[in-house]
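In case you want the letters, here they are:
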Amino acid sequence: MVNIAQRMTRLKELLRLKVGGGAAILPPEVTRLHMDFVMTYDDGHKGPRNFWRNDLRRLKFYNPAIPMTVSRTENPDDPALMTIHFASASAAASIPPPVSTTPATPSSPASTGRTEVFNIKSRKRYEILEQLMTLTNAKKIEPTEQELNEIRELGAKREQSAKDSTLSQKVNARKKQEKRRMAIARGELTSAS
Amino acid sequence: MATARPCLGQLSRTCLQFTRSTPTALPIRLFSTSTANGARGKYTPPIVSKKEKVLPQSTNKYIKKAVVKKKKARTTYIQYDLSKEETFPLLDAMRIIRAWEVGQKPTSVKYELALKLKSQKNGPVVRNRLRLPHPVKTDFRVCVICPPDSAYAEAARAAGAVLVGEDDVFDAVKAGKIEFDRCVCQTDSLAKMNKSGIGRVLGPRGMMPSSKLGTVVVDPVKTMKDMVGATEYRERMGVIRMAIGQLGFTPEQMSTNLKAFIEAVKKDLSRISDKINKELVEVVLSSTNGPGLPLNGAFKGTNTSVTSKELSGP
């Protein structure tokens, strides 16, 4: 298995699952989120993809009971849409967010409540998040001072490790060159090869 | 021409007279040790004793004598100090993994478990197969080779075999139509199967029935039932890794699966001979794309804010 220190550093990075855009609690009437976009991300589908990879994870972390699905298609001309399913107001008041056991049935929650659909193509990650937050009235979770400190530490560590890695890259390149020169001098290698 | 030769000889003699290295005059320093050197000429290297003699240095300063140190190979896998390890209760770990895998298909993404063992590099390894209480992969398409009008064929069809028969199966396989994942053969049709030459097609895929693998049997239906859901696990590099559940599993399902698997592995560990001491060191839950989270054995921690019901949905 991988060295324990390395693994624990990775786990510390999981803090990013708690702090950042999308760290918010959705109101109980939101029953489901669904995203449609295209696999290749060059034609305005990069924002949706980034949203899925970053903010949607945080949303799911804080709202584990709400199903969030993503369907990605192959055809680059397909639209990119975000669908929010709401339960009807009376239903939301009486029952806590329902846990549907059957995935990939977008029609079933839609039939009971209303849905909001908006375009997310050619839009940045934070624009999508902003619209989602205003549409759902989600309650944002502010990071604590301790979490912010840890984030700062992580950033500093990352910078330091980038420096270290460039340094060791140089050293390794020099070592490799030296080895090669030795091999040429011994006649094991020709200088051309 | 005859006159020119003595002429040249004379010329050379007169010229060379001055460049002769042997001193013609009597040496003044009679007992000097360095006179011999002087006699050898100005530019000859000095004669040195054997002790003082230094081997001619290589012209290339990069050439060094390579020092080959042989490290003693370790016989056990490295064990890390786990005292500072951060561990998670099952619910927290599942919450993180489910958040990480958001938007993925719940059936294609699997929970994976890694059991780190304290074990030696050589020696016996843990290897067994297990039927989990909640099987991870259930949709095996099984092909049964048996006489098409026998009782076995009917039973196999009833049990959900995709393809049943003898000649039909052989023809389909030879035509390249392999629409199954596993193949079982009934003992009566073994000879016929061997003659048919489907081994050339199925063999490379590892699907050819053979008695060694336990796929040539008297009762194919029983084997089919055992096969579905049973998974093999083995120790590699001191770690046993196995898929333990689908992303859509509830925490309770996962918990029963985990318990069953760990108990089975512990039983295997105790079955290995007494001389070799193997123990379970660490349990890490991960997923297809997710992070690896060490478990602490608890279902719910003190800080856990999620309920198992919240984690049950898709």
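One can find the structure itself at the top, above this paragraph.
The paragraphs below set out a description of the structure included in this document. (Residues numbered from 1 in each chain as written. Chains lettered and ligands numbered in written order. Predicted model: local features only at pLDDT ≥ 70, side-chain atom pairs only at ≥ 80, totals over all residues.)

It is worth spelling out the overall build of chain B at this point. From N to C terminus, chain B includes 9 helices and 10 strands. Nonlocal contacts in chain B, meaning residues at least 24 apart in sequence, comprise 77% of its contacts between residues at least 6 apart. (Helix = DSSP H or I, 4+ residues; strand = E, 2+ residues; numbered from the N terminus. Contact = placed C-beta atoms within 7 Å.)

All names here are of chain A. Pairing is mixed in the open sheet, where 4 strands are placed in the order 3-2-4-5. The open sheet has two edge strands with one neighbour each: strand 3 (68-73) and strand 5 (115-119). Strand-to-strand, the axes of this sheet are offset by a mean angle of 15 degrees, without reference to chain direction. Sheet analysis places strand 2 (residues 30-38) next to strand 4 (residues 81-86), joined by 6 bridges and oriented antiparallel. Within strand 4, the position partnered with methionine 35 by the bridge is methionine 82. Helix 5 (residues 125-136) contacts strand 2, strand 4 and strand 5 of the sheet and is inclined by roughly 20 degrees relative to strand 4. (Pairing = 2+ DSSP bridges. Axes fitted to C-alpha atoms, helices over the stretch in contact; angles between N-to-C directions.)

We now examine the environment of A:Gly20. In this fold, A:Gly20 is placed in the loop between helix 1 (4-12) and strand 1 (24-25). In sequence terms A:Gly20 and A:Pro143 are 123 residues apart; their C-alpha atoms lie 8.1 Å from each other.

On to the interface of chain A and chain B. Each side of the interface is counted separately: chain A has 29 residues, and chain B has 27 residues. Sorting the residues of the side of chain A that touches chain B by element identifies helix 1, helix 2 (46-62), strand 3 and helix 6 (145-186) of chain A as the ones contributing at least two each. Counted by class, the side of chain A that touches chain B contains 18 nonpolar, 4 polar and 7 charged residues. (Nonpolar A, V, L, I, M, F, W, Y, C, P; charged D, E, K, R; others polar.)

Moving on, we get to the pairing of strand 7 (residues 230-236) of chain B. All names here are of chain B. Bridging between strand 2 (residues 127-131) and strand 7 involves 5 bridges; their strand directions are antiparallel. For leucine 130, the partnering residue across the bridge sits in strand 7 and is threonine 231. Taken together, the 2 bridges between strand 7 and strand 8 (residues 239-246) define a ladder with antiparallel strand orientation. By the bridge assignment for strand 8, glutamate 235 is matched with isoleucine 240. Hairpin geometry of strand 7 and strand 8 is characterised by an intervening segment of 2 residues between the two adjacent antiparallel strands and by a positive phi of about 55 degrees at methionine 237.

Just distances and angles here, no functional claims.
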